[in-house]
Amino acid sequence: AQKVTQAQTEISVVEKEDVTLDCVYETRDTTYYLFWYKQPPSGELVFLIRRNSFDEQNEISGRYSWNFQKSTSSFNFTITASQVVDSAVYFCALSEGVNSGYALNFGKGTSLLVTP
Amino acid sequence: DTGVSQDPRHKITKRGQNVTFRCDPISEHNRLYWYRQTLGQGPEFLTYFQNEAQLEKSRLLSDRFSAERPKGSFSTLEIQRTEQGDSAMYLCASSSGTGLETQYFGPGTRLLVL
């Protein structure tokens, strides 16, 4: 069963629009970590954020912000005032620690296209 | 460059041939992971090492796949008797500490089996 669901396969926005990428996860563990990675056309996965299950405080980093809600098992990612350079595939991932061998379970990704 | 490096970046081979990929993790990272990513999908976990010990293997890692990390530094992933279904991007990542730390990824090796 898919542990991380990214329901949005592709999103297209015009530059300067705000965009939210959804991530819903499934786990029975009380201790887990959630991640977002960016994969530009070059292919390398770039780490964006890591959040542990005990810290529901939202985080903002420049134009990026993340909303973690345990009640809905969601960890959504918002880009404010999007730019063309934000075009990439974004992956949400879950790590359940020792129960999964510390492997990252990735969603299928959301492809974001930002046009001028 | 102090990031994770992988070699080669691209590999084209004929079905039935053996291929070997190399991954150099970030210096002093004790954990090293291999993932496979097919087109339109997220990366899927294959195996991981803590130092030189291979501690976990996914069911995706068939008998044709073998990975080593002989001195706890670089790692190799070998695929024997390649099949067309092995065509994918093979990603390596490393992390430090207990395992819940962030995994940093290399650029990947893109394999095409003809």
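The sections below set out a description of the structure shown in this document. Quick caveat: nothing in here was measured; it's all calculated off a predicted structure. (Residues numbered from 1 in each chain as written. Chains lettered and ligands numbered in written order. Predicted model: local features only at pLDDT ≥ 70, side-chain atom pairs only at ≥ 80, totals over all residues. Heavy atoms only, no water.)

Inspection of the entire model under this criterion finds 24 aromatic pairs over all chains. Both rings, one in tyrosine 25 of chain A and one in tyrosine 32 of chain A, keep their centres 5.2 Å apart while their planes meet at 50°; by these two values the pair is tilted. The exposure class assigned to tyrosine 25 of chain A is buried, which follows from its relative accessible area of 4%. For the ring pair phenylalanine 65 of chain B and tyrosine 90 of chain B, a centre distance of 6.5 Å and an interplane angle of 40° mean the geometry is tilted. You can see phenylalanine 65 of chain B sitting in strand β7 (residues 65-68) and its partner tyrosine 90 of chain B sitting in strand β9 (residues 88-95), a full 25 residues away along the chain. (Phe/Tyr/Trp six-rings, centres within 6.5 Å; stacked < 30°, edge-to-face > 60°. Buried < 20%, exposed > 50% of the residue type's maximum accessible area, 1.4 Å probe, protein only. Helix = DSSP H or I, 4+ residues; strand = E, 2+ residues; numbered from the N terminus.)

Residues and elements named next belong to chain B. Residue placement: serine 95 occurs in strand β9. Polar contacts involving the side chain of serine 95 include one to the side chain of tyrosine 33, which spans 3.3 Å. Apart from residues no more than four positions distant in its own chain, serine 95 is found in contact with His29, Asn30, Arg31, Tyr33, Glu101, Thr102 and Gln103. (Polar contact = N/O pair within 3.5 Å; in protein donor to acceptor, adjacent residues only side chain to side chain. Contact = heavy atoms within 4.5 Å.)

Contact residues are listed per partner, giving 20 residues for chain A and 23 residues for chain B. A buried area of about 1700 Å², summed over both sides, lies between chain A and chain B, and 58% of it is on carbon and sulfur atoms. Sorting the residues of chain A by area buried against chain B places Glu44, Leu45 and Tyr102 of chain A first, and these three jointly supply 29% of that buried surface. Remark: the boundary between chain A and chain B carries zero salt bridges. Along the contact surface separating chain A from chain B lie four residue pairs in polar contact (both at pLDDT 80 or more). Mapped onto the side of chain A that touches chain B, the elements with two or more residues apiece are β5 (33-39), β6 (46-52), β10 (88-95) and β11 (104-106) of chain A. Its residues assigned to classes, the side of chain A that touches chain B shows 10 nonpolar, seven polar and three charged. (Buried area = accessible area lost by both parts, 1.4 Å probe. Salt bridge = Lys/Arg side-chain N within 4 Å of Asp/Glu carboxyl O. Nonpolar A, V, L, I, M, F, W, Y, C, P; charged D, E, K, R; others polar.)

What follows deals with the environment of phenylalanine 35 of chain A. Along the chain, phenylalanine 35 of chain A falls in strand β5. Judged by its relative accessible area of 1%, phenylalanine 35 of chain A falls in the buried class. Spatially, the C-alpha atoms of phenylalanine 35 of chain A and leucine 48 of chain A are 7.4 Å apart, while their sequence positions differ by 13 residues. Apart from residues lying up to four places away in sequence, phenylalanine 35 of chain A is in contact with Phe47, Ile49, Arg50, Phe75, Phe91, Cys92, Ala93, Ser95 and Leu104 of chain A together with Leu100 and Thr102 of chain B.

All names here are of chain A. Here tyrosine 90 is to be found in strand β10. Given the relative accessible area of 0%, tyrosine 90 is considered buried. Separated by 59 residues in sequence, tyrosine 90 and threonine 31 place their C-alpha atoms 24 Å apart. Tyrosine 90 has contacts with Gln6, Leu21, Trp36, Tyr37, Lys38, Leu48, Tyr64, Phe77, Ile79, Gly109, Thr110 and Leu112, leaving out every residue within four places of it along the chain.

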